[in-house]
Amino acid sequence: SQVTFEEDTQKQPAVGPWKTLMPSKGSKEEPETGGQGAGGADETQTAEQLSVSRLRSSSVEIREKGSEFLKEELHKAQKELKLKDKECERLSKVREQLEQELEELTASLFEEAHKMVREANTKQAASEKQLREARGKIDMLQAEVTALKTLVITSTPSSPNRELHPQLQSPSKAGFRKGHGRNKSTSSAVVSAASQNAAPEPVSHEHKEVDSILFAEFQAWKESPTLHKSCSFLDRIYREDVGPCLDFTKQELSELVRVAVEQNTLTIEPVASQALPVVKVSAEECGGPKKCALSGLPRTCKHRIMLGDSGNYYYISPSCRARITAVCNFFTYIRYIQQGLVRQDVELMFWEVMRLRREMSLAKLGFYPSEM
């Protein structure tokens with residue numbers, strides 16, 4: 001618009017000096033008689049030019065004001081646009097922060113969920129293992145209860161069934177309990193020479209007298225039976241019977257045998273019943289059919305032992321087998337007492353313990369039956 005105005009300004013004709021259009025109040029113009037036609041034409045042309053000039057000046061003024069107004073509006077719009085840009089930038093940062101926090105929260109939730117699943121699986125596996133162990137113990141206890149019921153039903157104190165009562169059997173017929181596997185056709189416990197040739201006398205016909213100290217120790221143990229050797233009852237038996245009975249030449253192997261007997265994980269079997277296994281230790285440590293692994297002496301070994309689930313077999317002589325058997329029979333009986341499977345008078349149980357101690361004493365002195 002400014003360019004158009006400048007072009008119009010350049011094209012307009014030159015305007016002469018201003019002339020008074022209206023006469024003043026105090027003067028009267030008299031019409032000129034001469035040249036009236038030419039003067040009137042000039043005045044008319046001058047008035048038209050003045051009107052055009054005024055119109056053009058007012059148009060320029062309007063355009064300038066409009067331009068200033070538009071500039072102000074443009075400046076305001078630019079300011080608002082900048083403010084909106086800043087607000088958009090701030091909102092974008094807020095959105096990015098929220099998205100990042102959401103991702104972190106989602107990741108932490110997934111991680112926590114996976115952790116809970118792992119812990120649940122671990123607990124489930126442990127619970128299943130405990131359940132299997134509990135079921136195994138229940139099955140074992142049920143079998144022992146069934147055996148005990150059989151003993152109670154088929155035997156009375158006046159006429160005990162010696163085939164079913166292990167504590168009343170002769171030593172040659174006494175066998176290992178759970179954890180001490182043996183072949184029934186070839187296994188036997190230590191017996192004296194007189195017991196092989198004559199029928200065992202009833203317990204009531206033996207000449208015996210209760211030792212007050214030993215009986216008091218047994219009674220105290222019976223009130224709260226335990227297999228821990230810290231009590232005076234078991235401590236005495238460990239010192240006087242179990243320790244010497246399991247004290248062999250090979251000290252390291254003797255200690256392993258003692259631990260296996262205490263934990264009820266020792267297995268003994270005849271050599272001829274199964275093929276020889278592949279052992280993981282040297283032949284010198286395991287012995288052989290002609291050498292005892294416990295004594296280290298050249299002896300004919302008809303049995304071998306395995307400690308736990310190691311898979312290693314050790315050949316033992318008949319004398320060593322008799323000593324181990326005697327100790328195993330003792331631990332089997334006191335385990336039955338601890339589990340409440342023996343329903344007898346305290347004195348009868350005491351004399352059965354003394355009989356088992358006598359077997360250990362004979363075995364550690366080297367007495368054993370010929371069939372071993």
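Because the structure is a prediction, the values reported are computed rather than measured.

Enquirer: Even after reading the chapter, I still don't get the environment of His228, so can you show me in this structure?
Expert: Inspection of the secondary structure puts His228 in the loop between helix H4 (212-223) and helix H5 (232-245). Exposure remark for His228: the relative accessible area of 51% places this residue in the exposed category. Sequence separation between His228 and Glu262 is 34 residues; the distance between their C-alpha atoms is 9.6 Å.

Enquirer: Looking at this structure, how should I read the side chain of Ser295?
Expert: You can see Ser295 is positioned in the loop between helix H7 (283-286) and strand E2 (303-307). Once residues lying within four places of it in the same chain are set aside, the contact partners of Ser295 are Thr249 and Cys320.

Enquirer: How should the pattern of salt bridges be read in this particular structure?
Expert: Side-chain pairs of opposite charge can arise whenever the charged atoms involved come near each other. This model, assessed by the stated rule, comprises 13 salt bridges. We note a salt bridge from Lys65 to Glu61, for which the minimum N-O separation is 3.4 Å. In this pair, Lys65 and Glu61 both sit in helix H2 (residues 36-154), four residues apart, roughly one turn of the helix. For the salt bridge of Arg90 with Glu87, the shortest nitrogen-to-oxygen distance reads 2.5 Å. Taken together, the residues span about one helical turn, with Arg90 and Glu87 both in helix H2 at a distance of three residues. A relative accessible area of 44% places Arg90 in the partly exposed class. Three or more residues joined by partner-sharing salt bridges are found here, namely Glu217, Arg236, Glu240, Asp241, Arg357 and Lys364.

Enquirer: Sorry if this is basic, but what is going on with the confidence of the model for the protein here?
Expert: Low pLDDT means the predicted atomic positions in that stretch should not be read closely. In this model, the protein carries an average pLDDT of 76, and 69% of its residues clear a pLDDT of 70 or more. The element-level mean pLDDT for the protein is lowest in helix H3 (residues 193-197), coming to 35, with H5 highest at 94. Counted against residues more than four places away or in other chains, residues 155-159, with its pLDDT under 50, gives three contacts. Throughout residues 273-281 the model reports pLDDT below 50, and contacts reaching past four residues in sequence, or to other chains, amount to 18 contacts.

Enquirer: Is there a simple way to think about helix H6 (residues 251-262) in this case?
Expert: What sets the pattern is the α-helix's 3.6 residues per turn: residues three or four places apart point alike. The end-to-end C-alpha distance of H6, which contains 12 residues, comes to 17 Å, matching closely the 16 Å that a straight helix rising 1.5 Å per residue would cover. Restricting attention to buried positions, one finds in H6 the residues Leu253, Ser254, Val257, Arg258, Ala260 and Val261. End-on, the buried residues of H6 take up no more than an arc of 165 degrees, which puts them together on one face. Phi for Asn264, located one or two positions after H6, is positive at around 60 degrees.

Enquirer: Could you clarify how one ought to interpret the packing of helix H8 (residues 318-338) against helix H9 (residues 346-364) in this entry?
Expert: Helix-helix packing is characterised by the crossing angle of the two axes and by the distance between the axes. Where H8 contacts H9, the two axes come as close as 8 Å, and the packing angle between them is 165 degrees. One element, H8, and the other, H9, form an angle in the roughly antiparallel class. H8 and H9 meet at a crossing whose hand is left-handed. Mapping the contact onto sequence places Ala322, Arg323, Ala326, Val327, Asn329, Phe330, Tyr333 and Ile337 in H8 and Met349, Glu352, Val353, Leu356, Glu359, Met360, Ala363 and Lys364 in H9.

Cut-offs applied
Residues numbered from 1 in each chain as written. Predicted model: local features only at pLDDT ≥ 70, side-chain atom pairs only at ≥ 80, totals over all residues. Heavy atoms only, no water. Helix = DSSP H or I, 4+ residues; strand = E, 2+ residues; numbered from the N terminus. Buried < 20%, exposed > 50% of the residue type's maximum accessible area, 1.4 Å probe, protein only. Contact = heavy atoms within 4.5 Å. Salt bridge = Lys/Arg side-chain N within 4 Å of Asp/Glu carboxyl O. pLDDT = per-residue confidence, 0-100. Expected span 1.5 Å × (residues − 1). Arc of directions from axis to C-beta. Axes fitted to C-alpha atoms, helices over the stretch in contact; angles between N-to-C directions. Parallel < 35°, antiparallel > 145°, perpendicular 65-115°, else oblique. Left-handed = near helix turned anticlockwise from the far one by under 90°.

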